[in-house]
Amino acid sequence: MAGEKRAAILSAATGLFLSAGYDGTSLARIAEAAGVSKATLFKQFPTKAALFDAIVTESWQVEEDAGPEPPAGDLRAGLTMIGHRYADLLTRPGMTALFRIVIAELPRFPELGEAQFSRGKMPYFTSVSRYLAAAHAAGSARVHDADLAATQFLGMIANFVFWPTLLLTDWAPARPAVDQAVEEAVATMVARYQAVVPASAG
């Protein structure tokens, strides 16, 4: 029950932030839209900032049952796992709305951008960078700048799957096109970073 109320609050807040703006939305109005008492909302989220932080954190959270850890010893397999999970994350309902809220309110509320970066994007980015560093340590890749490599990989996917949605309301590539974008990004990374095993001497 508590989980359902929390989900209702986050959903209502996201919709109201998008339609009325962050500044134009009160906690009382969010409670009304979510169908919960103000006391219930204030108990979980005493401020709008705390509520927005929760929206960001949950939007970027990878589900616990997403599957096994990407194998550091197999660069192609590991990046394929990460790439598909990232595409799923970016196409999750509400992700585009979240970015639109931040962009619209950034001039007056720069802390929203900070929350989106530090609580959402950065932790996810760091997890990909850690994987690439682990692949380097395992000998399956030669990655001397894991942050740069993570930027390249995630950027190739997001540039097709996500960023056009901010400007094009009808941008919704079909699953085969998304899968192809991930596969091409993986192929590019493998070509650039996969460790070359020396041929054994005859």
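Coordinates for the structure precede this section.
Counting from 1, residues in each chain are numbered in the order their sequence is written. Since the coordinates come from a predicted model, pLDDT governs what is reported: local features require at least 70, and pairs of side-chain atoms require 80 or more to be given and counted, while whole-chain, interface and lining totals use all residues. Side-chain calculation: all heavy atoms of the structure are included, whereas hydrogens and water are not.

1. Section: the packing of aromatic side chains
Then comes step 1: Planes of paired rings set the category: under 30 degrees apart is stacked, over 60 is edge-to-face and the rest tilted, where pairs are Phe, Tyr or Trp rings (Trp by its six-membered ring) whose centres lie within 6.5 Å. Applying the stated criterion to the full structure yields eleven aromatic pairs.
Then comes step 2: For the ring pair Phe17 and Phe52, a centre distance of 6.3 Å and an interplane angle of 55° mean the geometry is tilted. In this pair, Phe17 is assigned in helix H1 (residues 2-20) and Phe52 in helix H4 (residues 48-60), connecting sequence segments 35 residues apart. For the pair Phe17 and Phe52, one class covers both residues: buried.
Then comes step 3: Ring centres of Phe160 and Trp171 lie 5.7 Å apart, and the angle between their planes is 80°; on these two criteria the pair is classed as edge-to-face. Pair noted here: Phe160 is in helix H8 (residues 146-161) and Trp171 is in the loop between H8 and helix H9 (175-193), with a separation of eleven residues, a long-range link.
Then comes step 4: In this structure Phe160 comes out as partly exposed when scored by relative accessible area, which is 27%.
Then comes step 5: When a residue's accessible area, from a 1.4 Å probe over protein chains only, is under 20% of the maximum for its type it is buried; when over 50% it is exposed; and in between it is partly exposed. The exposure class assigned to Trp171 is partly exposed, which follows from its relative accessible area of 31%. The way it works is that DSSP assigns letters per residue, a run of H or I at least four long becomes a helix, a run of E at least two long becomes a strand, and they are numbered from the N terminus.

2. Digging into the environment of Glu114
Then comes step 1: Its location among the elements puts Glu114 in helix H7 (residues 110-138).
Then comes step 2: In this structure the C-alpha to C-alpha distance between Glu114 and Asp145, which are 31 residues apart in sequence, comes to 24 Å.

3. Side note on the packing of H4 against H7
Then comes step 1: Helix axes are fitted only over the stretch in contact, all axes being lines through C-alpha atoms; the angle between N-to-C directions runs from 0 to 180 degrees. Running from N to C, H4 and H7 point in directions that differ by 25°, and their axes come no closer than 9 Å. For the element pair H4 / H7, the angle class is roughly parallel. Note on packing geometry: the crossing formed by H4 with H7 is right-handed. The segment H4 lies against H7, with Phe52, Asp53, Val56, Thr57 and Trp60 engaging Leu112, Ala115, Gln116, Arg119, Gly120, Lys121 and Tyr124.
Then comes step 2: Looking at the contact of H4 with H7 residue by residue, the classes come out as six nonpolar, three polar and three charged. Angles are sorted into four bins: roughly parallel if under 35 degrees, roughly antiparallel if over 145, roughly perpendicular if 65 to 115, and oblique for all others. Two helices that cross are described as forming a left-handed crossing if the nearer one is turned anticlockwise from the farther one by less than a right angle, and a right-handed crossing if clockwise. What makes two residues a contact is simply this: any of their non-hydrogen atoms within 4.5 Å. Charged residues are taken to be Asp, Glu, Lys and Arg, nonpolar residues to be Ala, Val, Leu, Ile, Met, Phe, Trp, Tyr, Cys and Pro, and polar residues to be all remaining types, Gly included.

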